[in-house]
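Structural description and commentary
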Amino acid sequence: MTKKEEIYGILPCGIRDALEKENLDFGAVTEICIRAGKPIYVNAGGREIRTGYLPGKEELKDILNYMSRYSPYAFEEEMRKGFLTIEGGHRVGIAGKAITEKDKVKNIRYISSVHIRVAHEVKGCADTVLPRIARQKELCHTLIISPPGCGKTTLLRDVIRQISDGNHVIRGCTVGVVDERSEIAGCYMGIPQNDIGLRTDVLDACPKAEGMIMMIRSMAPRVVAADEIGTTEDVRAIEYAMHCGCRILATVHGSSFEEVRCKPEIGRLLRDERFERYVVLKKEETPGQIAGVYDRQGKPCM
């Protein structure tokens, strides 16, 4: 199916018709924001499009039913995290009334907002970066630093694919991906919807710290990859993986090497020079723009 067909498959007729009138290019659409009683907003190619259609609460309920095949309780574990992943790897965030139990979110009901993040693969976007983060055809311990929305997950995904498949720059090897938010592989019913390579294993919707240790103990990966690290538990799991001989490939939110270095948890890894390469992305209209690649001391790598 096309991206358009995958997304329209979870939308009621009224919303589909409203979007159809906008003649959208789904190759450029990155997000569709649907809120009860408010206009639908679409982000496409750096442009914001506002429709005149005001969806009702029942239509948002219909979206949830379509996504869960009328069995929302079967997807309760995913829903309590605030999103579901649909066929094609598109992530659908939901907001509404949180149902809690023992101070933890158990489920979300009375859905008031649905945000569809359209999955996009950009194969080859890591071509210029890969030679600078590899040495003797092996990956260096690498951290991708990026402000939100600058394409770090897209870049991470393509690096994983190239490491897994192997090429003239890097030797193909097993990669263990811990995909806590189902964005890297975009798994649907356990099957990756994105191309993450021939030698890649995925733990989907699993907490990063726990997942990294599980991967090492059960799948023996040469490279362990995770998105948006930062907690104390993440740092401990990364150190464990490094001590086990695994190469680390990860991302973190930040605008510069120095900013991340000053963070209390992940910053310790930078101050101890545990990572060998840092890829810093910059905020541009086109995602994935490289501000620089740096060595373990924060000096530019040519």
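In the block above lies the structure referred to throughout.
An account of the accompanying structure is given in this report. (Residues numbered from 1 in each chain as written. Predicted model: local features only at pLDDT ≥ 70, side-chain atom pairs only at ≥ 80, totals over all residues. Heavy atoms only, no water.)

For the rest of this paragraph, the subject is helix H7 (residues 232-243). Taking 1.5 Å per residue as the helical rise, H7 with its 12 residues ought to reach 16 Å, and the 17 Å between its terminal C-alpha atoms agrees with that figure. Residues of H7 that are buried: Asp234, Val235, Ala237, Ile238, Glu239, Ala241 and Met242. Taken together, the buried residues of H7 touch helix H6 (208-219), strand E13 (247-253) and helix H9 (266-271). Positive backbone phi, at 90 degrees, marks Gly245, one or two positions downstream of H7. (Helix = DSSP H or I, 4+ residues; strand = E, 2+ residues; numbered from the N terminus. Expected span 1.5 Å × (residues − 1). Buried < 20%, exposed > 50% of the residue type's maximum accessible area, 1.4 Å probe, protein only. Contact = heavy atoms within 4.5 Å.)

This next bit is on the sheet that holds strand E12 (residues 223-226). Within the open sheet, the seven strands sit side by side as E11-E10-E12-E13-E9-E14-E15. Their pairing is mixed. Both outer strands of the open sheet, strand E11 (200-204) and strand E15 (290-295), are each paired with one neighbouring strand and no more. Mean inter-strand twist for the sheet, computed between neighbouring axes without regard to direction, equals 15 degrees. Two elements, strand E9 (residues 142-146) and E13, share five bridges in a ladder whose sense is parallel. Paired with Ser146 across the bridge in E13 is His253. Taken strand by strand, helix H5 (residues 152-165) contacts E9, strand E10 (175-179), E11, E12, E13, strand E14 (277-281) and E15, and its axis lies near 170 degrees from that of E13. (Pairing = 2+ DSSP bridges. Axes fitted to C-alpha atoms, helices over the stretch in contact; angles between N-to-C directions.)

Scanning the model with the defined rule gives 19 salt bridges in all. Here Arg171 ties to Glu138 by a salt bridge, and the two come within 3.2 Å at their closest N and O atoms. A residue pair is termed long-range when its members are at least 10 positions apart, and Arg171 in the loop between H5 and E10 and Glu138 in strand E8 (residues 138-139) qualify at 33 residues. The exposure class of Arg171 is partly exposed, given its relative accessible area of 45%. Classification of Glu138 as partly exposed rests on a relative accessible area of 27%. Close ionic contact of Glu228 with Lys152 constitutes a salt bridge, the shortest N to O distance being 2.7 Å. Of this pair, Glu228 sits in the loop between E12 and H7 while Lys152 sits in helix H5; the two residues are 76 residues apart in sequence, bridging distant segments of the chain. (Salt bridge = Lys/Arg side-chain N within 4 Å of Asp/Glu carboxyl O.)

Let's shift gears to the pairing of E10. Counting buried positions over the five residues of E10 gives five, a clear majority of the element. Sheet topology places E10 next to E11; five bridges connect them, and they run parallel. Among the inter-strand pairings, Gly176 is bridged to a residue of E11, identified as Asp201. Where E10 meets E12, four bridges bridge the pair, whose relative direction is parallel. Across the sheet, the residue bridging to Gly176 is Val224, located in E12.

The geometry of an aromatic ring pair comes down to the distance between the two centres and the angle between the two planes. Scanning the entire structure with this criterion turns up three aromatic pairs. On the numbers, 4.9 Å between centres and 75 degrees between planes, the contact of Phe257 with Tyr278 is edge-to-face. Of the two residues, Phe257 is situated in helix H8 (residues 257-261) and Tyr278 in strand E14; the sequence distance between them amounts to 21 residues. Assigned by exposure class, Phe257 and Tyr278 land together as buried. An aromatic cluster is built from Phe257, Phe275 and Tyr278, whose rings are joined through pairwise contacts. The side chain of Arg91 reaches across the aromatic face of Phe83, ending 4.8 Å from its centre. (Phe/Tyr/Trp six-rings, centres within 6.5 Å; stacked < 30°, edge-to-face > 60°. Lys NZ or Arg CZ within 6 Å of the ring centre and 35° of its normal.)

In this structure, Ser146 sits in strand E9. By relative accessible area, which is 0% here, Ser146 ends up buried. Excluding residues within four positions of it along the chain, Ser146 makes contact with Lys152, Val252, His253, Gly254 and Leu281.

Quick look at the side chain of Arg157 now. Among the secondary structure elements, Arg157 is positioned in helix H5. Look at Arg157: it is buried, it has no salt bridge, and the nearest opposite charge is Glu121 at 5.4 Å. Not counting chain neighbours up to four residues away, the residues in contact with Arg157 comprise His120, Glu121, Glu183, Ile184, Asn194, Asp195 and Ile196. (Lys, Arg positive; Asp, Glu negative; His and termini not counted.)

Strand order in this open sheet of six strands is E3-E2-E1-E6-E5-E4, and the pairing throughout is antiparallel. Both edges of this open sheet fall to strand E3 (47-50) and strand E4 (83-86), since each of them pairs with a single strand only. The mean angle between the axes of side-by-side strands here comes to 30 degrees, regardless of whether they run parallel or antiparallel. In this sheet, strand E6 (residues 104-117) lies alongside strand E1 (residues 29-35) in antiparallel orientation, the contact comprising five bridges. Within E6, the residue paired with Glu31 across the bridge is Arg117. Running over the sheet, helix H3 (residues 57-68) touches E1, E4, strand E5 (90-101) and E6 and is turned about 100 degrees from E6.

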